[in-house]
Amino acid sequence: MSVGASRISLFEDDHEIKAYRLSELLGSVRRALEASFKGYYRIVAEVASINSNASSGHVYLELTETNKSGRKVASTRATMWSGTARSVMQRFCDVTGSYPQVGMELLMTVSVTFHEQYGFSLNIQDIDPNHTLGNLERIRRETIQKLKENGILNLNKEQCTLPTLTQRIAVISSETAAGWGDFRDQMRRSALAGLFHFDLYPATMQGATTTKTVISALDRIYSHADSYDAVVILRGGGSPIDLSAFDDYRLCEYIACFCLPVITAIGHERDFSVADHVANTSVKTPTAAAEFLIHRLEEQVSRVVDAGDQLSSLLLDRYHRMQQLQVDHPTRLGKVLSTLERRESDRMRRSERRLNYAMHAHQEALRDHVEALAKRSTTLLYDHRMHVSSQSVSLESRSKRLSMILSRIIPQEQEKLDNYSKLAELYNPEKIMLRGFLPVLQGGRQLTSISEVDSDSNLQILMTDGSIEGKVIHIHTDKSQ
């Protein structure tokens, strides 16, 4: 190999191969591209970065494409020259309400360019705003469908109930947003302002970082969930592109599954995002969110005040009745006591007359009864004396006869007792067992016949000094019986 001043020669198989300068090779590439890619092409790509030169008005973009798994498969630089940029960017903003932003998918008309020093690039001639709006609507529909499929579209409404007294509020908004100022001023102007407590959790509410910062704010609120009754997300309207972050599935999933009821005030009357759909309650503006909370608390306070008025009225009426009773009580008590005194006096006089009459009648009856008993006692005493006299004669003879009978019965009974003792001794179980007659038990029950024995059962044989347990192997039947 030899190196010359203007060229490099390479020898291989006795053939010389010319080596080009980089500028020469890239010049050939440029001419080939210009020849092959003439005219304009329509492409779809995502904006990875976008910058404008304030002095020249040129706009520089980095375009990229990712696959379904999120891996980048292509990227390139693109340029919009100032003359084209002014008209294209303004028309895009007029239709969509916002200029192209990072993360946005664009449908562009481009030409292919190549420069030996700056490399490959696309020259943007036009951007279709309707494609961007259609893509945003497609993302919105896909988010709603995915939330439905996962069964969480209405989860925040179904699982989280706004407390009757919603007073402790966590607010997610930009610190500099007009919506946050409107909400705060409206709450502070309320007559019930002292009953509310709200904390701001700052987040970026516009651009590519909206989803990330709002989710981060929700995570911080989750750490102090016991300190709040609800979460309010404030945005204050904007273009469809500005509000596109609130159609993002990750953010909407966070809101749907959050542990506190979420109130959204993201857009104006014409705007409705998926985040509004999954929230517990949705209102249009930050001012409307404040009015909603104030009105809800006013209703509860009004109920309490009405209940207090009713209670005061009842207590006042009760007080007046008690006062009237105190005035009327002495007179009414005197009348009641006078009436009771007359009644008791009459009752005592009637009771006294009935008692005197009853005592007189009882004395008469008692006297007659005593006289009758005296007469009867005299008669009975006489008869008893006569009977005792007659019985005493026969009693002596009966006594003698009884003595003779007893003298014969006692030896006879003693003889029977001796016989019974001998018989009992004969049938003593221990003596029977000593003679070889042993009881056989099955399950605690004494057996008297082989018909009572169960095959393969356990038997217990009792003996005088213990017992024997065994198992039935075979049963022999006495055929002579």
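Located above this text is the structure these notes cover.
All of these numbers come straight from a predicted model, not from anything done at the bench. The residue numbering used here restarts from 1 in each chain and proceeds along that chain's sequence as written. At least 70 in pLDDT is required for a residue's local features to be given in this predicted model, at least 80 for side-chain atom pairs to be given and counted, and no such filter applies to totals for whole chains, interfaces and linings, which use all residues. For side-chain calculations, the full set of non-hydrogen atoms in the structure is used, while hydrogens and water are omitted.

### Remarks on the nonpolar core
For step 1, the next point in the chain: We define the nonpolar core as a collection of buried residues of types Ala, Val, Leu, Ile, Met, Phe, Trp, Tyr and Cys that are connected through side-chain atoms lying within 4.5 Å of one another. Throughout, exposure labels follow a simple rule: accessible area from a 1.4 Å probe, protein chains only, divided by the maximum for the residue type, with under 20% read as buried, over 50% as exposed, and the rest as partly exposed. Core analysis: the biggest nonpolar cluster contains 32 residues, and Ile172, Ile221, Val231 and Ile255 have the highest contact counts within it.
For step 2, the next point in the chain: Grouped together as the second largest cluster of nonpolar side chains are 21 residues, Leu61, Met108, Leu122 and Ile241 included.

### Let's talk about the sheet that holds strand E9 (residues 168–173)
For step 1, the next point in the chain: Two strands are said to pair when DSSP picks up at least two bridges between them. Under the DSSP-based scheme used, a helix requires at least four consecutive residues in state H or I and a strand at least two consecutive residues in state E, with every element numbered from the N terminus. Spatial ordering of the open sheet is given by E10-E9-E11-E12-E13, a layout of five strands whose pairing is parallel. Only two strands of the sheet have a single neighbouring strand rather than two, namely strand E10 (197–202) and strand E13 (281–282).
For step 2, the next point in the chain: Two strands pair when backbone bridges link them, and E9 and E10 are joined in this way by six bridges, in the parallel orientation. Within E10, the position partnered with serine 173 by the bridge is proline 202.

### What about the packing of aromatic side chains?
For step 1, the next point in the chain: The pairing test for Phe, Tyr and Trp rings, Trp by its six-membered ring, is centres within 6.5 Å, and the orientation test on the planes gives stacked under 30 degrees, edge-to-face over 60, and tilted for anything in between. Going through the model one piece at a time under the given rule, you end up with six aromatic pairs.
For step 2, the next point in the chain: Plain terms: the ring middles of tyrosine 201 and tyrosine 228 are 6.1 Å apart, the flat faces sit at 80° to each other, and that makes the pair edge-to-face. Of this pair, tyrosine 201 sits in strand E10 while tyrosine 228 is found in the loop between helix H6 (210–222) and strand E11 (230–234), placing the two residues 27 residues apart along the sequence.
For step 3, the next point in the chain: With relative accessibility at 11%, the residue tyrosine 201 sits in the buried group.
For step 4, the next point in the chain: The class for tyrosine 228 is buried, based on a relative accessible area of 7%.
For step 5, the next point in the chain: Ring pairing ties together the aromatic residues Trp180, Phe183 and Phe198, which thus form one cluster.
For step 6, the next point in the chain: Positioned above the aromatic ring of tyrosine 249 is the side chain of lysine 146, whose terminal nitrogen or guanidinium carbon lies 4.3 Å from the ring centre. Two conditions define a charge located above a ring, namely a distance within 6 Å from the ring centre to NZ of Lys or CZ of Arg, and an angle within 35 degrees of the ring normal.

### Considerations on the layout of surface pockets
For step 1, the next point in the chain: Whether a set of points on the 1 Å grid over the protein atoms alone is a cavity depends on a 1.4 Å probe fitting there but being unable to get out, while an open set qualifies as a pocket with protein on both sides within 12 Å along at least five of seven lines; lining residues are those with an atom within 4 Å of a point. Grid points are joined across faces, edges and corners, and a volume is the space filled by probe spheres set on the points. A volume near 1200 Å³ is recorded for the largest pocket.
For step 2, the next point in the chain: Mapped onto the lining of the largest pocket, the elements with two or more residues apiece are strand E4 (41–52), strand E5 (59–66), helix H3 (129–149), H6 and helix H7 (249–256).
For step 3, the next point in the chain: The element that contributes the greatest number of residues to the lining of the largest pocket is H3, accounting for eight residues.
For step 4, the next point in the chain: Partitioning the lining of the largest pocket into residue classes produces 10 nonpolar, 12 polar and 12 charged.
For step 5, the next point in the chain: Taken together, Tyr60, Arg77, Thr79, Trp81, Thr113, Phe114, His115, Tyr118, Gly119, Ser121, Leu122 and Asn123 make up the full set of residues lining the second largest pocket.
For step 6, the next point in the chain: Breaking the lining of the second largest pocket down by element, the ones donating at least two residues are strand E6 (72–80), strand E7 (105–115) and strand E8 (119–128).
For step 7, the next point in the chain: Residue polarity is assigned by list, with Asp, Glu, Lys and Arg as charged and Ala, Val, Leu, Ile, Met, Phe, Trp, Tyr, Cys and Pro as nonpolar; anything else, Gly included, falls into the polar class. Looking at the lining of the second largest pocket residue by residue, the classes come out as five nonpolar, six polar and one charged.

### Brief notes about the packing of H6 against H7
For step 1, the next point in the chain: For the pair H6 and H7, interaxial distance at closest approach is 9 Å and the crossing angle is 20°. In terms of orientation, H6 and H7 fall into the roughly parallel class. Seen from above, H6 lies across H7 with left-handed handedness. Here Thr211, Val214, Ile215, Leu218 and Asp219 of H6 lie close against H7, whose contacting residues are Arg250, Leu251, Tyr254 and Ile255.
For step 2, the next point in the chain: Its residues assigned to classes, the contact of H6 with H7 shows six nonpolar, one polar and two charged. Fitted lines through C-alpha atoms serve as axes, helices being fitted only where they are in contact, and the angles separating the N-to-C directions of these axes extend from 0 to 180 degrees. For classification purposes, an angle smaller than 35 degrees is called roughly parallel, one larger than 145 roughly antiparallel, one from 65 to 115 roughly perpendicular, and anything else oblique. Crossings are sorted by hand: turned counterclockwise from the far helix by less than a right angle, the near helix makes the crossing left-handed, and turned clockwise it makes it right-handed. In this description, contact between two residues means that some pair of their heavy atoms is separated by no more than 4.5 Å.

### Here we look at the sheet that holds strand E14 (residues 440–442)
For step 1, the next point in the chain: If you walk across this open sheet you meet the four strands as E15-E14-E16-E17, and the pairing is antiparallel. One side of each edge strand has no neighbouring strand; the edge strands of this open sheet are strand E15 (445–446) and strand E17 (466–471).
For step 2, the next point in the chain: In this sheet, strand E16 (residues 458–463) lies alongside E14 in antiparallel orientation, the contact comprising two bridges. Within the sheet, the bridge partner assigned to leucine 441 lies in E16 and is glutamine 460.

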